[in-house]
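Each chain, letter by letter, is given below.
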Amino acid sequence: MLWCPSLPYNYNLTLSFSLSSTVIVGSRLWPYAAGCVRNYAVATEQKDEGSIAVRSKQAQQFDWALSKLDSSVRRTGRITRTLLLRIFHDVSRAGYPSGNQALLLLRSCGSLLPEVPLEERTELAHRVWEKLQELGAQYDASHYNALLKVYLQNEFKFSPTDFLAKMEAANVQPNRVTYQRLIAAYCQTGDIEGASTILGFMKNKDLPITEAVFSSLVTGHARAGDIESAKNILPVMRGAGIEPTPDTYVALLIAYAEKGDMDNLKTTLEAAESADCSLMDRDIMQVIFALAKAGHQQHIPEMIERLRHERGFVPDAMNLCLSLITQGQEDTAFLILMAFPTLQSDNFNDPNLGNFFLRHCIMNCEYDIKALTNWQMFQMPLMKLFKEQELPVRPHYFWPLLVQHGKEDNAAGVVEVMKSMQELGVSPDVETFSNYVLPVFPSREAAQQTGSGMVGLSCHFMWLFKLFFLVPAVICVVKSICVKFLFLFFQITELLYKDERFSKEGIKPAAFFLYNLMDNMTEGQVQAQEDKLRSFFNQLHTQNITISMNLFRGIKNILVSYHIPELIKVQSLIFSLMLLDIVQIYPVLALENRLAELKAENKPLNIVLKQIIQTLSAEENLQRALELKQQHEQDMTVGAYATLINLCCRHNNVDEALNLKRELSRMDSSIALDTSKYITLVKALALNDRAVDILKEMKEKNVVMNDNSITTIFHMLNAVAAKGGAGSIRRLQDTIFTLGLAKPTANLCSPVVTAYLDSNDVPGALEAALECQKRYNHLPRIHDIIVALVERGDTDLLQKAMDFVSQERGEMIMLYDLFFAFLQTGRYREARKIIETPGLRAKPGRLQWYSEKCIVNNQMEALEQMVEMTSKLFECDRDDMYSYVLRLCSKNFLSLGAELTIRPHRSHGFHSKLQTCSQSTLLCFCLFAEDTNNWQKAEAMWTKMQEENVIPRERTLHLLADILKSNGQEVPFEVPEVKPHKKMFSLPVSAESRVPGFKLTDVANSMFIITYSKKDQVKDALEKLKSMLQLDHVPSHLAITRLVQALGNHGDVAGIQQVESQIQSLGTRLNLSSMVFVNNTALAHIKNGDVESAVELLEGIYTSPDSTSPSMSFVFRKVLEGGNDRALDKLSAMAERLANHFACYRPASDLFLQLLDMDKVEDAKFMLARCNAVAEQKEVLLSFVAQKAQVPGQVTSLILDKDLTSAKALYEQMQKEGIVVDELSLKRLAVLYRNAGETAPFPEPPVSLTNTQTQRR
């Protein structure tokens, strides 16, 4: 009988299944064999021809099974025979068992059943194997390895050679795990000769001999009666470069325990302690089990005294008791029971604690287990018919054909489709190439050869093939030394734009190159090289290079996400005026001529003057802009002043910027700049005290600070840090926090620490971080500080830092900080000591943070070490840990870029050649850059997962399969099909695994919540929100709003309250209106038929003494759309009651406006008649009009489209009131003037009414 410690009652969903490569050592089992239920992946669909409905039902049943097993292991560390049989019955009845379902059932037939005799466990495993095979389950090496593990756990005697023969007959190749477990099987019976035979197989196959093999050999020699040889395995390991681990020492301890040799057992315990191999309670329990089984009960009390009652002791001890009772060792089990800390307490009063013990003793006497699955034929003719009928044929029309060929890996078919596209005059776009053409080729070389050998295809196609491999190669250089190569990139862009070989029918690959260039620069690089990029954009401007609108927007979105407001404006002006095929619409000379004409005619100059200054700002012509300002100072507008102030700040002309700011204030002291302009001014003044005055003005004028503004402040402070101004940063931070412009966050506190670290003042950085914690409860960049202290070897400061973190954040957080610092600096021995601290448990958020850091920085060794060290970490999700390594394995790298990046001093010769070679030669250099992914490492991870008995999730299997397939390797397991409704959600996982440095941002996670909410998958949305908050990520306003709305549609009042509570825990970072929750709670009540509760809730809001009369328009709109007359009547009555009795007119106004908005004019008139005061609510009515005016031209279109006289009057009135007329309305007015034969008193805007109307439609 084999015993396995259980898991504690509070064991959460991240349990881990058998956390070691050493499966069985003698008669012992790995401590965590009771493990991972969470790592049982969600059921996958089988590739049979069964009904989709049946498979869907089967998947739901398996989800239920997963949940039940999860709950059982969390509570008891084991599962019951009844539960397992029930799940087996359900899976068998549903049919279509998947590979993961088979693994779940097989692995549950071992040590997870401590209450079931060994023989019956094995019989159940055989039943499961045969039944699932009969139902069509496809078995691979992982299933055979799982069966081997069950045999070892159940001490089932079998012939390893016969087992190998069965695998061969099934055409399944054994792997390293198979051989390791066969060696363990031989050693279990003391057959060293048989183990040596398997060792020979492993050596012939060049398979590594791991610690698991050595541990098995310790057991094998001991059971063969050669205890000295068993003892000598340890020095042999050291000679082979493998340091004995705690598991090796436990194997030797069990060998001495089976012999009853307490002297050597104690000596080995001391040796383990001196070797820094920490033995846990569960290790000592395995020794106790071995003593009991071997009949040496007299030594057990001495070993019980060595138990330290660590975290999880009681569940482990319970499982030990059950295993002992099943083995017939009730007396020893009772000794363990009496060692429970609660039974040893003087105030013990729980009479139910021993129930499990008594129940199993009774059941063990009567134990009896019971018996227990084509439209491509006409698509091309259809495309040709489209062409004949002069209908547009788009590239995406061909995607279904390309997808089909891609599934079949039919490169020739893809080429034929491309030829057909060329015949029809359709050019494949970027998305077609990247998503549907290139993936079908097994390698870059194959794609290039195919592209070069495609007879009949134009040069355009062949050059596009090469272009798709050019960009990643060049981008690799961008990532580290983009400054040195900006001129080179400009040359490449110019070549791609002007060389006709790259272009066809107006398609310019240069635009794609530019987009990828910006997309692959990190935020920090863009921030640091803002000036260089501005120069780069200006160079493009001078060469009249044009790009498409879509790619222009893409580049702009990238810059927006990087929070570079000034660069965005420069890029927008240059690209919109000079790169979008409207070059020279408003050249400065023409604008100045127009300005002179208007002045001569004594007409307003402000609009044209502002346009000139904006254009000059884009050209960085500060001198001319200031001259114009001096000449026409009386015509300067607020916008013109703001543009000039920014231009002065960019040129570091601080005095002039302040003068302009004073002039603007004299013009109108109430005028406030927008937030970004204020922050730019603060940045320019950061190194002197005048920046504080600007911040105070922002507070006085109530400048709105949203999330983007806060991020911009963070980047501004970082820019000051780059100049080495720690004192200036501290002064700015204190002012910002004191004035309440922003709340202290770890990000906003970090620049002052950055300034010290950049100047190599680590003690100063530590003091700054500690001060931030004391003042603002944030500890910025503590990881970087600890790493620096470890590298310096400053133990005193390191101790100070650790003591402070322990006091402020807790001992566990402190240990993780130290653990990550040791990993980062390569001190793996020290890191192992930290992570093996008794009682330490997994912190998924912290582990994910460091794993993502390793992935981004390509730190494979540190990540591997962490995964290996956490194999025994309590509650560590092993599937997650291995998935991080697989993601890093799939990261592409470029040998050329790596050489230039890592060893630039060795590339001087190559670099000099780059400077003198032609552009075509440069392209050839780039095309030779290799990209590979580390499939060997990924394959090794798959083997280790089997050693640990980890059942991978579907996402992990897909990731691993993609790596192997992309490298032409055979996939050694069944790849689960992706359910149609889950395909979209697999894309981010694919991106994370394939794109270097990619990780899901808050925006991406928020999109998950939004999509789940729209699909009514509120449970998944709530889980995603919970996971974001656990990682200290902040969801977007829209994500929270959509989730709460979805909960309201489901009538889930409790769910809305839960979300509100979670959001409130974030403080005010989201600035989310409480009415989002109130309105949707009311709708949830209405959904449940409880209109009275909804009315009571809303009425309480408006009758509250501190009520701000918020809007409930959303409730009225939803009720009107739903046609719920009963709810509408009660809500209308409430609105009238509030208006007439409480003088609260907001609900009545909201109802009135909603009726108007939905064209219920008569109902709106009736409402107005019953509540006349609604007509006096000017603010609400004006807000409604303003909302309708958000679409350009909507408000004025009724007049402008009818009559010029009325239009003139309206325009003059708007001018008098200082209202800015949008360009579309001005365009319409200009057309009316032109049609009437008159000249418009303003420049006609360059917009097209037809295009705008089309876009609006």
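Computed from a prediction, not measured in an experiment: that's the story for all the values here. (Residues numbered from 1 in each chain as written. Predicted model: local features only at pLDDT ≥ 70, side-chain atom pairs only at ≥ 80, totals over all residues. Heavy atoms only, no water.)

Another point: the pattern of salt bridges. Counted by the stated rule, this structure contains 40 salt bridges. Between R624 and E627 there is a salt bridge, with the nearest N and O atoms lying 3.1 Å from each other. Taken as a pair, R624 and E627 lie in helix α33 (residues 622-631) at a separation of three residues, close to a single helical turn. Since its relative accessible area comes to 34%, E627 is described here as partly exposed. Taken together, the salt bridges that share partners define one network made up of D877, D879, D880, R953 and R955. (Salt bridge = Lys/Arg side-chain N within 4 Å of Asp/Glu carboxyl O. Helix = DSSP H or I, 4+ residues; strand = E, 2+ residues; numbered from the N terminus. Buried < 20%, exposed > 50% of the residue type's maximum accessible area, 1.4 Å probe, protein only.)

Moving on to helix α32 (residues 606-618). Over its 13 residues, α32 runs 18 Å from end to end, which matches the ideal 18 Å to within 8%, given 1.5 Å per residue. Along α32, the residues that are buried comprise V608, L609, Q611, I612, I613, T615, L616, S617 and A618. Of the residues trailing α32, E620 is marked for its positive phi of about 60°. (Expected span 1.5 Å × (residues − 1).)

The next subject is the environment of D1020. Summarising the element assignment, D1020 is placed in helix α56 (residues 1018-1030). With relative accessibility at 33%, the residue D1020 sits in the partly exposed group. A C-alpha to C-alpha distance of 7.9 Å links D1020 and I1009, two positions 11 residues apart in sequence.

The subject of this paragraph is the environment of R809. When you line up the elements, R809 lands in helix α43 (residues 795-809). C-alpha of R809 to C-alpha of N777: the two residues are 32 residues apart in sequence and 10.0 Å apart in space. Excluding its chain neighbours within four sequence positions, the residues that come into contact with R809 are Q773, N777, H778 and L779. Only 3.2 Å separates the side chain of R809 from the side chain of Q773, close enough to count as a polar contact. (Contact = heavy atoms within 4.5 Å. Polar contact = N/O pair within 3.5 Å; in protein donor to acceptor, adjacent residues only side chain to side chain.)

Before going further, it helps to examine the UniProt feature "repeat: PPR" (unreviewed entry) in the chain. Those places that UniProt annotates as "repeat: PPR" (unreviewed entry) correspond, in this numbering, to residues 175-209, 210-244 and 637-671. With 74% helix and 0% strand, residues 175-209 has end C-alpha atoms that lie 13 Å from one another. The span residues 210-244 carries 74% helix and 0% strand; its end-to-end C-alpha distance comes to 11 Å. (UniProt positions renumbered as here; feature names shortened; annotations may be inferred.)

Moving on, we get to helix α13 (residues 281-293). A rise of 1.5 Å per residue sets the reference length of α13, with its 13 residues, at 18 Å; its end C-alpha atoms lie 18 Å apart and thus fit the reference within 8%. Most of α13 sits inside the fold, with 12 of its 13 residues counted as buried. Among all positions of α13, only D281, R282, D283, I284, M285, Q286, V287, I288, F289, A290, L291 and A292 are buried. Just past α13, the residue G295 takes up positive phi, approximately 85°.

Another aspect to go through is the packing of helix α39 (residues 726-739) against helix α40 (residues 746-758). At a closest axis distance of 9 Å, the pairing of α39 and α40 adopts a crossing angle of 170°. Between α39 and α40, the angle is such that the two are roughly antiparallel. Seen from α39, the contacting residues are A726, I729, R730, Q733 and F737; seen from α40, they are L748, C749, S750, P751, V752, A755 and Y756. In terms of residue class, the contact of α39 with α40 is made up of nine nonpolar, two polar and one charged. (Axes fitted to C-alpha atoms, helices over the stretch in contact; angles between N-to-C directions. Parallel < 35°, antiparallel > 145°, perpendicular 65-115°, else oblique. Nonpolar A, V, L, I, M, F, W, Y, C, P; charged D, E, K, R; others polar.)

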